[in-house]
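This is what each chain is made of:
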Amino acid sequence: MKKFLALLLAAILAAFGCVAVAEEEEEKVLNIFTWEGYFDETTLAQFTEETGIQINYSPFATNEEMLLRLQSNGGSEYDIIVASDYAVQAAASQGLLMELDKSLLTNWDNLNPDYLGQFFDPENTYSVPYTAGSPMIVYDPSQVEGEITSFADLWDEQFADSLWLIDDARVIIGEVLKMLGYSYNTTDEAELAEAAAKLQELKPNIRILNYDMSYNYLVAGEVKAAYLFTPYVVNALMENPNLVAVFPSEGIGFGIDSIVVPVNAPHPGNAHEFINFYLRADIAATVAEMQWYINPNQAADELIDPDYAAMSPFHIPEDLLATREYVEDLGEDASLFQNIWDEFKLS
């Protein structure tokens, strides 16, 4: 019996030794894959200074590009990815994401529960919310007659050749569908055809279709109104506080970008250390003020500048919040939206 216990103890110690060796052998490297600038240099430099872990940052342009890369290499090239909700849903369904080890995420409880348990990860198995937001209408009241409250108002003749829309098929067509009383994610052919026709009627009013925020057409006075993602709205209001920003009265689109770890990440220990670093209140507060999205880390709220935190894009009225819809993974049916968008842009 004593011999058996001795052997068992030796086996346990050997097992723990293997874990320790494995952790020690993980090189001090972290490979990040997300949009350009989505992790600011200040935060990344602080992580490296505190941990000694060097960061390799590779940008992608779209969620679809990210998914193709994951599918091609089995998730073995990157340690940290930040992507949109529907892309997280798609990656998880294809077995491309690693289950998070919550025992390593000691700052998990800093998260606001309102952003957990969402459709794309109902058990919070794979993802950590990074930012959230809802597109808004922004307009210059000095150039516009009357008050703008709805997405339908953008069809008014006063906006001829003076609108700026984000170049995003699912978001723009989704909001047209909501305006018509349909789901953001419908695949019904008749409903999509009606939305396509309605979108064509808006064409004379559109001056700019652009995803790039390097130049703000609204602040420059080149357009009267725009429909933009949260950080674009925040930037516009910072540049010109006289602008007015509203959530469309027909209902809102909503999105959460999340941090995930690929299933075959080469440095999973470093990835968990980075996530736990981000979950700190002080780091999340810095990220919130640099990324200009809604902050999902409730512990960080008291550290964020009050004037910044009070800006309208961060406060969605409860009645409109109840109408929110996410862009969901539609599989092959997503091409229905892209086909409408491509035809619209080419017409």
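Residues numbered from 1 in each chain as written. Predicted model: local features only at pLDDT ≥ 70, side-chain atom pairs only at ≥ 80, totals over all residues. Heavy atoms only, no water.

Peer 1: Just to check I follow, could you spell out the overall build of the protein chain for this structure?
Peer 2: Helices and strands together make up the secondary structure of the protein chain, namely 12 helices and 10 strands. C-alpha extents for the protein chain along the principal axes are approximately 90 × 45 × 35 Å. Taking all 347 residues of the protein chain together, 51% fall into the buried category. Long-range pairs, those at least 24 residues apart, make up 76% of the contacts in the protein chain between residues at least 6 apart in sequence. About 15,900 Å² of surface is accessible on the protein chain, with carbon and sulfur atoms providing 51% of the total. Here the protein chain contributes 14 positively and 57 negatively charged side chains, and the mean placements of these two sets differ by 6 Å. (Helix = DSSP H or I, 4+ residues; strand = E, 2+ residues; numbered from the N terminus. Buried < 20%, exposed > 50% of the residue type's maximum accessible area, 1.4 Å probe, protein only. Contact = heavy atoms within 4.5 Å. Areas by Shrake-Rupley, 256 points an atom, 1.4 Å probe, with all protein chains shown as cover. Lys, Arg positive; Asp, Glu negative; His and termini not counted. Charge placed at Lys NZ, Arg CZ, Asp CG, Glu CD.)

Peer 1: What exactly am I supposed to notice about the packing of helix α2 (residues 41-51) against helix α8 (residues 268-278) here?
Peer 2: A pair of packed helices is characterised by two quantities: the angle between their axes and the separation of those axes. As a packed pair, α2 and α8 sit with axes 11 Å apart at the nearest point and diverge in direction by 120°. The angle between α2 and α8 falls in the class oblique. For α2 against α8, the interelement crossing comes out right-handed. Taking contact as the criterion, the partners of T43, L44, Q46, F47, E50 and T51 in α2 are, on α8, N270, E273, F274 and F277. Classifying every residue of the contact of α2 with α8 by side-chain character gives 4 nonpolar, 4 polar and 2 charged. (Axes fitted to C-alpha atoms, helices over the stretch in contact; angles between N-to-C directions. Parallel < 35°, antiparallel > 145°, perpendicular 65-115°, else oblique. Left-handed = near helix turned anticlockwise from the far one by under 90°. Nonpolar A, V, L, I, M, F, W, Y, C, P; charged D, E, K, R; others polar.)

Peer 1: Which parts of the structure should I look at to understand the environment of N205?
Peer 2: Mapped onto the elements of the fold, N205 is located in the loop between α6 (189-202) and β7 (206-209). Sequence separation between N205 and L154 is 51 residues; the distance between their C-alpha atoms is 7.9 Å. Residue contacts for N205: discarding those within four places in its chain leaves L154, W155, D156, F159, A160, D161, S162 and L163.

Peer 1: Can you walk me through the nonpolar core in this structure?
Peer 2: Counting 116 residues, the largest nonpolar core has F39, M66, I80, I81, V128, I259 and I275 as its most contacted members. If you tally residues by element for this core, the top one is helix α5 (residues 169-179), at 7 residues. (Core = buried A, V, L, I, M, F, W, Y, C linked by side-chain atoms within 4.5 Å.)

Peer 1: It is not clear to me how the pattern of salt bridges should be interpreted in this structure. Could you clarify?
Peer 2: Any two side chains of opposite charge can pair, so long as their charged atoms come close to each other. What the rule picks out here adds up to 6 salt bridges. The closest approach of N and O atoms between R280 and E50, which form a salt bridge, is 2.8 Å. In this pair, R280 is assigned in the loop between α8 and α9 (281-291) and E50 in helix α2, connecting sequence segments 230 residues apart. Of the residues examined, R280 reaches a relative accessible area of 24% and is grouped as partly exposed. (Salt bridge = Lys/Arg side-chain N within 4 Å of Asp/Glu carboxyl O.)

Peer 1: How should I be thinking about α9 in this particular structure?
Peer 2: Spacing of three or four residues puts side chains on the same side of an α-helix, whose turn is 3.6 residues. Those residues of α9 not exposed but buried are A281, I283, A284, A285, V287, A288 and Q291. Contacts made by the buried residues of α9 are with α2, β4 (128-133), α7 (230-239), α8 and α10 (306-309). Just beyond α9, the residue with positive phi is W292, at close to 65°.

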